[in-house]
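Chains, contacts and geometry: an overview
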Amino acid sequence: MKKILIIAGHGEGDPGAVSKWGQEADLARELTNLIYHSIGANVNAELYDTSKDCYQQSKRGNRPRYEKYDAVLEIHFNAKVNKDEWGDGRFTGTGGYIHTGAAQSEQLGEKIVQNIEALGFKRWQIVKGDNLLNMNNCYSLGVPYFLLETAFIDDGDDMTWYNAHKSAISKAVADGVKDFFGVSKSDPNLTALEGQAILSAAQMSAYLKAVNSNASASVLKMIPYYLSEGETEGIRGDLAFCQSCLETGNFTFEGSAVTLDQNNFCGMGVTSNGMKGNSFSTPQLGIRAQIQHLKAYANTQDLVNTCIDPRFKYVQRGCAPYVEWLGIQENPSGRGWASGAEYGEKILDIYKKILLIKTATEETQPIKTFLVRVSIPDLRIRTGAGLKYPYVGYCPIGVYTIVDTVTADGYTWGELKSGAGWIALEYAEKI
Ligand SMILES: [Zn+2]
C-alpha cells in the first residue's frame, strides 16, 4: 500500500502567519487532522508529530525518514502583502510550492489543487522553487513533496469560505492524494455508507408490503424520510431503511426490545438485553437520529441538521465508512454498530432483494438515449448530475450512450448507460 507522510506546518513556538482568523500553526493542525481521517482505506497515511515543527526539527538535523514514504504533504496557510482580513468580495485562492523540476511533485500538487478548485474555490498558483528546507530534503531523496498553501489567512473571503468547507476540503485533498497514487477513492468490494440512495421509495414500500402484510400505514408513509434525511446528510438512506428492516424484523417488532410508538427503528440505545432503548417524538426524527448515527460511523464531516442522536458522541468518527464494517467482528479496528457476526452482510442481503424489485412507475418511464463521442482524456465521471457530486474517475476516450440529461451548475450532465455516473456534455460531441 502507498504511504504518505502528512506534516502540519509551523508550531513548536512558531505560530506562522497570524490574522483575525487565527494562527497558521493551529489552522494547519486542524486541517491536517481532518485530512488524515479522510484518507481512510487504500492509502497508508502517517501524521508527523503535531506537537513539533518539522522545519525547526530538520534544521537541527532531526528530519523525518522521508525515504520510507511514497509522498510527503505539508499543510500551510498563505499570507500576502495587501491583506484584506474583512474580505473584499474576491478570493485570493489555493496553491502551494513544489521543487523545480520535480514532475511527480507537480502531479501531486495539481491533483490536490484541482480537487479544491472543483469545490468552487479559486486557484492562486503552484510555485516552483528550491529554497524550502523540507522540500529540498524530499527532493534530494527523490520523494514527491507538495506544500499546500490551503487559503490566505489574511483574506476574509478565503477564510469565510474555508471555514464553511473545511471538511469538504479535507476530503478533496485526500482524494487528490488517492488520484496521485492511482488508487480507488473507495474500496470497490465494499459498500460505502456515503452517497446517494439507489433504491426508490416505491421499491422499499413494495418490499415491506411483501414481507410484512400487516405493515401499518404509518410505517409505509414514513419511508420517504429515509431518502430525504439521508440526502441531507450525504448518507445512503436506502441502506438505513434496510438496516431498519433488519433491526425491527421488517417493522413487526417481533422479538425486539423497542416498540413502534418509540419511533426508534434501529435499536438505538438497546445496549443490553431488556433495555427499552431511545424514543423519538416523530418517525421523521427517529429516522434522522439513525441517519446521523450512521454518519458518525461513515465519515468525519459535520452534521447538516442539529444533532438529535443521543449516542452520536460515543462513536469514533469515520471508523466504519462501509456497511460491511458496521459489524464489530468485521471492522478492521474492532469498532462498529453491532456485535453480531455478519451484521453488514445481513443488511446487504435485504438491500439486494429490494434492488431486484421492479415497480410500475420505473418500468413505464420512457428513456430517450443518444450517443456522444468523448475525445479528451480527462473528462470526469461524477456520481450525480452536478459539481457537488464526487468524481469517481475519468471517462476513457470513446463513444458512449447517454440515457438521461439534467442541467445543473452551468452544465448539461449526461448519465452514462453503463451506470458509471454522469459526465458534462459540453466536453463531449453529440453524434
Ligand atoms: Zn506557512
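Scoring rules and cut-offs
- Residues numbered from 1 in each chain as written.
- Predicted model: local features only at pLDDT ≥ 70, side-chain atom pairs only at ≥ 80, totals over all residues.
- Helix = DSSP H or I, 4+ residues; strand = E, 2+ residues; numbered from the N terminus.
- Rg over C-alpha atoms; globule rule 2.2 N^0.38 Å.
- Buried ≥ 20, exposed ≤ 12 C-beta atoms within 10 Å, placed from the backbone.
- Domains from an automatic or database assignment.
- Contact = placed C-beta atoms within 7 Å.
- Nonpolar A, V, L, I, M, F, W, Y, C, P; charged D, E, K, R; others polar.
- Pairing = 2+ DSSP bridges.
- Axes fitted to C-alpha atoms, helices over the stretch in contact; angles between N-to-C directions.
- Core = buried A, V, L, I, M, F, W, Y, C linked by C-beta atoms within 7 Å.
- Parallel < 35°, antiparallel > 145°, perpendicular 65-115°, else oblique.
- Left-handed = near helix turned anticlockwise from the far one by under 90°.
- Bend = angle between axes of the 7 residues up to and from the residue.
- Right-handed = clockwise from strand over helix to strand, strands pointing away.
- Expected span 1.5 Å × (residues − 1).
- Arc of directions from axis to C-beta.

**Focus on the overall build of the chain**
A tally of helices and strands in the chain yields 11 helices and 15 strands. By the compact-globule yardstick of 22 Å for 431 residues, the chain fits well, its C-alpha radius of gyration being 24 Å. The dimensions of the chain, computed from C-alpha atoms along their principal axes, are 75 × 60 × 45 Å. Counting the 431 residues in the chain, one finds 42% classified as buried.

**Concerning unusual backbone geometry**
Positive phi outside glycine occurs at His10, with the angle close to 60 degrees. If you check the backbone angles, Phe253 has positive phi at about 60 degrees while not being a glycine. Along the chain, Phe253 falls in the loop between α8 (237–248) and α9 (283–298).

**A word on the domain arrangement of the chain**
The domains assigned to the chain are domain 1 (3–181), domain 2 (201–360) and domain 3 (366–430). For domain 1 and domain 2, the distance between their C-alpha centres works out to 38 Å. Taken residue by residue, the interface counts five residues in domain 1 and five residues in domain 2. No other element matches helix α1 (residues 24–39), which puts three residues into the side of domain 1 that touches domain 2. A breakdown of the residues in the side of domain 1 that touches domain 2 according to their chemical character gives one nonpolar, four polar and no charged.

**Digging into the sheet that holds strand β1 (residues 3–8)**
One open sheet accounts for six strands, arranged β4-β1-β5-β8-β6-β7; its pairing is mixed. Of all the strands in the sheet, just β4 (44–47) and β7 (123–129) have a single pairing partner and so form its edges. Between one strand and the next, the sheet's axes are offset by a mean angle of 20 degrees, whatever the strand orientation. When β1 meets strand β5 (residues 71–78), the two strands line up parallel, connected through five bridges. Following the sheet pairing, Leu5 is matched in β5 by Val72. Packing of helix α3 (residues 103–117) onto the sheet brings it into contact with β5, β6 (94–99), β7 and β8 (145–152), and relative to β6 it is tilted by some 175 degrees.

**Some words on the nonpolar core**
Core analysis: the biggest nonpolar cluster contains 52 residues, and Val72 and Leu73 have the highest contact counts within it. Contacts of Leu73, omitting those with residues within four sequence positions, involve Ile4, Ile6, Phe146, Leu148 and Val177. Formed by 42 residues, the second largest nonpolar core is a distinct cluster that contains Ile223, Leu294, Trp325 and Trp337.

**A few points about the environment of Gly344**
The topology assignment puts Gly344 in helix α10 (residues 343–355). For the pair Gly344 and Trp325, spaced 19 residues apart in sequence, the C-alpha separation works out to 6.5 Å. Ignoring sequence-local partners within four residues, the contact set of Gly344 consists of Val323, Glu324, Trp325, Leu326, Gly327 and Glu330.

**A few points about the packing of α8 against α10**
For any two helices packed against each other, the geometry is given by the interaxial angle and the distance between the axes. It is the contact of α8 with α10, at a shortest axis distance of 8 Å, that shows an interaxial angle of 115 degrees. Taken together, α8 and α10 sit at an angle that is classed as roughly perpendicular. Handedness of the crossing formed by α8 with α10: right-handed. Counting all contacts with α8, which are made through Leu239, Cys242, Gln243, Cys245 and Leu246, the residues of α10 involved are Lys346, Ile347, Ile350, Tyr351 and Ile354. By residue class, the composition of the contact of α8 with α10 is eight nonpolar, one polar and one charged.

**A short note on the environment of Thr232**
Mapping Thr232 onto the fold places it in helix α7 (residues 217–233). Along the sequence, Thr232 and Asn305 sit 73 residues apart, while their C-alpha atoms lie 8.0 Å from each other. What Thr232 contacts, discounting residues up to four positions off in sequence, is Val304 and Asn305.

**With respect to helix α5 (residues 156–181)**
Residue pairs three or four apart in sequence face the same way in an α-helix, which turns once every 3.6 residues. Approximately 75 degrees is the largest bend angle found in α5, and it occurs at His165. Among the residues trailing α5, Gly182 stands out with phi positive, at a value near 70 degrees.

**Some points on the pairing of β7**
Bridge count between β6 and β7: five bridges; the pairing is parallel. Within the sheet, the bridge partner assigned to His99 lies in β7 and is Gly129. Following the backbone out of β6, through α3 and into the adjacent parallel β7, one traces a crossover that is right-handed.

**Topic: α3**
Taking 1.5 Å per residue, 15 residues should reach 21 Å; α3 reaches 21 Å between its end C-alpha atoms and fits that length. Among the residues of α3, Ser105, Leu108, Gly109, Ile112, Val113, Asn115 and Ile116 are the ones counted as buried. Each buried residue of α3 sits inside an arc of 160 degrees when the element is viewed along its axis, so together they form one side. Its buried side turned inward, α3 meets β5, β6, β7, β8 and α5.

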